[in-house]
Amino acid sequence: MRLQSARKTTLQYERCGMKIVINLDVMMAKRKISSNELAEKIGITAANLSVLKTGKAKAIRFSTLEKICEVLECQPGDILEFDPNGTPCE
Amino acid sequence: MKKNESAILTSVLIKIVYVLAVVCCIMAPYMVEHYDRMVMAKGDPSVFAPLLITLYCAVPAAVVALICLDKLLKNIIGCQPFINQNVKLLRIISYCCFVEALVFVYFATLKPFAVIVIIACAFMGLILRVIKNVFEHAVAIREENDFTI
């Protein structure tokens, strides 16, 4: 139930026209880690993590992706997803 | 630190120009009269009224440009060089330069040397347009960078 709501949150925050979906919420829920804790372990601010989670980020550094995968013990593909349809712009 | 001192110095210079602008507005009739006497001594017709009107017509655009420059400098000193507001300010300053060029067109028909003022103002306006375009791109790059996690 918690994972489904996290997935729904990710989809709600997709950027207009963007085809890359960020499923950070899903992995965070799986690993039972809070935003503040994850931000601290990765070495970014909570605000920047929020930008990433809500899909407002325009780019992600490999170093950041590496740290996220290290902390969440996952693959980049678990966090990043390609949706060929993208989100229609309003 | 040095860059900030430079910006502060520029800010002080703008304040000085503010004061000079006010002084010139007050002293304009006397300065123009003095110039007119020199012109008439050479046998040319009086240009007192046209020159005085031209100068006073140039004041509003000059004041607007100074205010915009001051705001622009404050943003730069406040570590916000590449923001949309600065692009807007540069656009306004460039328009002021073009307006000044237009203001001197009538006086240039009486005294051809004023063409130099027109060309200088138009050229400055053009330079500022290009700088505005550069700032627009810089704003886009900064926004891209801000959203790179």
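Everything below is about the structure printed above this text.
Calculation rules
Residues numbered from 1 in each chain as written. Chains lettered and ligands numbered in written order. Predicted model: local features only at pLDDT ≥ 70, side-chain atom pairs only at ≥ 80, totals over all residues. Heavy atoms only, no water. 1 Å grid on protein atoms, 1.4 Å probe; cavity = no way out; pocket = protein on both sides within 12 Å on 5 of 7 lines; lining within 4 Å. Points joined across faces, edges and corners; volume = space filled by probe spheres on them. Helix = DSSP H or I, 4+ residues; strand = E, 2+ residues; numbered from the N terminus. Nonpolar A, V, L, I, M, F, W, Y, C, P; charged D, E, K, R; others polar. Contact = heavy atoms within 4.5 Å. Buried area = accessible area lost by both parts, 1.4 Å probe. Salt bridge = Lys/Arg side-chain N within 4 Å of Asp/Glu carboxyl O. Polar contact = N/O pair within 3.5 Å; in protein donor to acceptor, adjacent residues only side chain to side chain.

## Description of the layout of surface pockets
Residue and element names in this part refer to chain B.
Move 1: Roughly 520 Å³ of internal volume is contained in the largest pocket.
Move 2: If you trace the largest pocket, you find 23 residues lining it, with Ala 21, Ala 58, Ala 62, Leu 66 and Glu 100 closest to the centre.
Move 3: A total of ten residues in the lining of the largest pocket trace back to one element, the largest contributor, which is helix 2 (residues 48-77).
Move 4: For the lining of the largest pocket, a count of residues per class yields 22 nonpolar, no polar and one charged.

## Comments concerning the interface of chain B and chain A
Interfaces are frequently sized by the accessible area removed from exposure as the parts join.
Move 1: On the chain A side, the residues contacting the five residues of chain B number eleven residues.
Move 2: Carbon and sulfur atoms make up 59% of the surface buried where chain B meets chain A, a total of about 770 Å² over both sides.
Move 3: By the criterion of area lost to chain A, the three top residues of chain B are Phe 147, Thr 148 and Ile 149 of chain B, representing 82% of everything that side buries.
Move 4: Applying the counting criterion to the chain B and chain A interface returns zero salt bridges.
Move 5: Counting the contacts that link chain B with chain A gives six residue pairs in polar contact (both at pLDDT 80 or more).
Move 6: Taken together, the residues of the side of chain B that touches chain A sort by class into two nonpolar, two polar and one charged.

## A word on empty space enclosed by the protein
The method is simple in principle: a probe with the dimensions of a water molecule rolls over the atoms, and the space it marks as empty is what remains.
Residues and elements named next belong to chain A.
Move 1: Overall, the coordinates contain two cavities of 30 Å³ or more when judged by the stated rule.
Move 2: Approximately 30 Å³ is the volume found for the second largest cavity.
Move 3: Surrounding the second largest cavity, Ile 22, Leu 24, Leu 52, Ile 60, Ile 68, Ile 79 and Leu 80 form its lining.
Move 4: For the lining of the second largest cavity, a count of residues per class yields seven nonpolar, no polar and no charged.

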